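One letter stands for each residue in the lines below.
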Amino acid sequence: MTKWKTALRRTLAIVAAGCGVLVSGCADNGQNALHSKSPQSHDIEVLWWWMLGVASLVFLGACAMLIFGWWRRRTAGLPVVGEDEAVNMRLVVAFGIAIPVVILITLFLVANVAVIGATAAPKPGSTKMTIRVIGHDWWWEVRYPGHAAVTANEIHIPTRTRVNVVGTTGDVIHSLWVPELNRKIDLIPGRANRELLYADHPGVYRGQCAEFCGLQHAHMSLYVVAQEPAQFEAWLRDESRPALPSTARGRQLFLSTTCSSCHAIRGTSAKSDIGPDLTHVASRMSLAALTTGNSLAELLRWISDPQHVKPGAKMPALDLSQDDFRAIADYLRTLK
Ligand code: CUA
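These remarks concern the structure in this document. Small disclaimer: the values here were computed from a predicted structure and weren't measured.

Moving on, we come to the pattern of salt bridges. A side chain with one charge may pair with a side chain of the opposite charge, provided their charged atoms come close. For the structure on display, the rule yields seven salt bridges. One salt bridge connects lysine 37 with glutamate 180, and the closest N-O pair in it is separated by 3.4 Å. Of this pair, lysine 37 sits in the loop between α1 (3-24) and α2 (39-74) while glutamate 180 sits in the loop between β6 (174-177) and β7 (185-187), and the two are 143 residues apart along the sequence. Residue classification places lysine 37 among the partly exposed residues on the basis of a relative accessible area of 30%. Residue aspartate 238 pairs with arginine 241 through a salt bridge whose shortest N-O separation is 3.6 Å. Of the residues examined, aspartate 238 reaches a relative accessible area of 41% and is grouped as partly exposed.

Here's what the structure looks like:
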């Protein structure tokens, strides 16, 4: 086989592998900016396709001209072009200045006037409810002003309702991004940024911290759970209740060891807000900001060896027996 054929085969293999990697990013995990599920993300998606279309046209046009020029140079006997300076100058002005200026100004106006306006923070009084989201290394605290409910890594919202999200941070800069619902907002120390969340249909939409914030930045994800308004009201009522009384050994252990110096369980003496509120931890879909699921086995693994599950997380490894960890996990599993 000639050198050329080997090189061609290698190139094709690399392109195929690259396409495979790209396509794997298209998995529907609820976090796809091209699967818009709200009017805001729809506007962003349409803008993205238009930008891709225009950029592709320019790229392919430039490639076609290069190939055309290369072909002319290799073909003998064609009439010579480019000797008329005035024509050359007009081509340079048209393709090098006029067309790019028109395209860039049009895209700038569409993006900055139409799309940014449509996806901007909601005007005061234009929303039905406010939710506070506080970014922490590396998890999300979610509060519902006017209600006792405090949760972590899950923002529940009612469908077809404009929700005003006020984002702040407890430490460094984070960025809240739920691609299927809206663009991202940065959570900046000393500032409160706002964003509109709106979902047309019930569903679970995945979000991700979009600003590098340290070792576990990649494991700082969250879910937005959109529920029919009646279901949402029921959820908010449940979430606002304190934990039920219990005589479990795990409860005594939780309250007498380091657990209670970082976490709160409403209805008990544990009131710290350093780590997530655990009052209804068993009803959540994940642990440690979507790092693991929330089964008994996963919970046990997380509390007994947190630095293995999520290295660098603020959760320390406790010096307890497996029996004690199991008792705490059993108790936490009752917190529905
Ligand atoms: Cu928080 Cu990246």
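On we go from here.
Okay, unusual backbone geometry next. Of note, the bond from aspartate 137 into tryptophan 138 is cis; its omega dihedral lies within 30 degrees of zero at -5 degrees. Looking at the element boundaries, tryptophan 138 is found in the loop between β1 (129-136) and β2 (139-143). The phi dihedral of asparagine 153 is positive, around 65 degrees, even though this residue is not glycine. Topologically, asparagine 153 is positioned in the loop between β3 (150-152) and β4 (154-158). At alanine 288, a residue that is not glycine, the phi angle is positive and equals roughly 55 degrees. Relative to the elements of secondary structure, alanine 288 occurs in the loop between α6 (259-262) and α7 (296-304).

Here we take up the sheet that holds strand β5 (residues 163-169). Strands sit in the order β3-β2-β1-β5-β8 across an open sheet of five strands; the sheet is mixed. Both edges of this open sheet fall to β3 and β8 (193-197), since each of them pairs with a single strand only. Direction aside, the axes of adjacent strands within the sheet are offset by 25 degrees on average. With five bridges joining them, β1 and β2 adopt antiparallel strand pairing. When the sheet's bridge partners are listed, glycine 135 is paired in β2 with tryptophan 140.

For helix α5 (residues 249-256), the full list of buried residues reads Gly250, Arg251, Leu253 and Phe254. When α5 is viewed along its axis, its buried side chains cluster within an angular range of 160 degrees and face the same direction. Buried residues belonging to α5 abut α6 and α9 (322-333).

Take the packing of aromatic side chains next. Under the counting rule described, the total for this entry stands at five aromatic pairs. Plain terms: the ring middles of tryptophan 48 and tryptophan 49 are 5.0 Å apart, the flat faces sit at 85 degrees to each other, and that makes the pair edge-to-face. With relative accessibility at 43%, the residue tryptophan 49 sits in the partly exposed group. Among the aromatic side chains, those forming a connected cluster through ring pairs are Tyr144, Phe232 and Trp235. The ring of tryptophan 177 has lysine 184 sitting right over it, with the charged end atom 5.3 Å from the ring centre. A cation over an aromatic ring shows up here: lysine 314 above the ring of tryptophan 138, its NZ or CZ 4.8 Å from the ring centre.

Let's shift gears to the side chain of glutamate 154. For glutamate 154, the location among the structural elements is in strand β4. Notably, glutamate 154 is buried but unbridged: the nearest opposite-charge side chain belongs to arginine 284, and the N-O separation is 5.7 Å. Among the polar contacts made by the side chain of glutamate 154, one reaches the side chain of histidine 156 at a distance of 3.0 Å. Of the polar contacts made by the side chain of glutamate 154, one reaches the backbone nitrogen of methionine 285; its length is 2.7 Å. When residues no more than four places from it in sequence are discounted, the contact partners of glutamate 154 are Val142, Tyr144, Tyr223, Arg284, Met285 and Ser286.

What counts and what doesn't
Residues numbered from 1 in each chain as written. Predicted model: local features only at pLDDT ≥ 70, side-chain atom pairs only at ≥ 80, totals over all residues. Heavy atoms only, no water. Salt bridge = Lys/Arg side-chain N within 4 Å of Asp/Glu carboxyl O. Helix = DSSP H or I, 4+ residues; strand = E, 2+ residues; numbered from the N terminus. Buried < 20%, exposed > 50% of the residue type's maximum accessible area, 1.4 Å probe, protein only. Pairing = 2+ DSSP bridges. Axes fitted to C-alpha atoms, helices over the stretch in contact; angles between N-to-C directions. Arc of directions from axis to C-beta. Contact = heavy atoms within 4.5 Å. Phe/Tyr/Trp six-rings, centres within 6.5 Å; stacked < 30°, edge-to-face > 60°. Lys NZ or Arg CZ within 6 Å of the ring centre and 35° of its normal. Lys, Arg positive; Asp, Glu negative; His and termini not counted. Polar contact = N/O pair within 3.5 Å; in protein donor to acceptor, adjacent residues only side chain to side chain.

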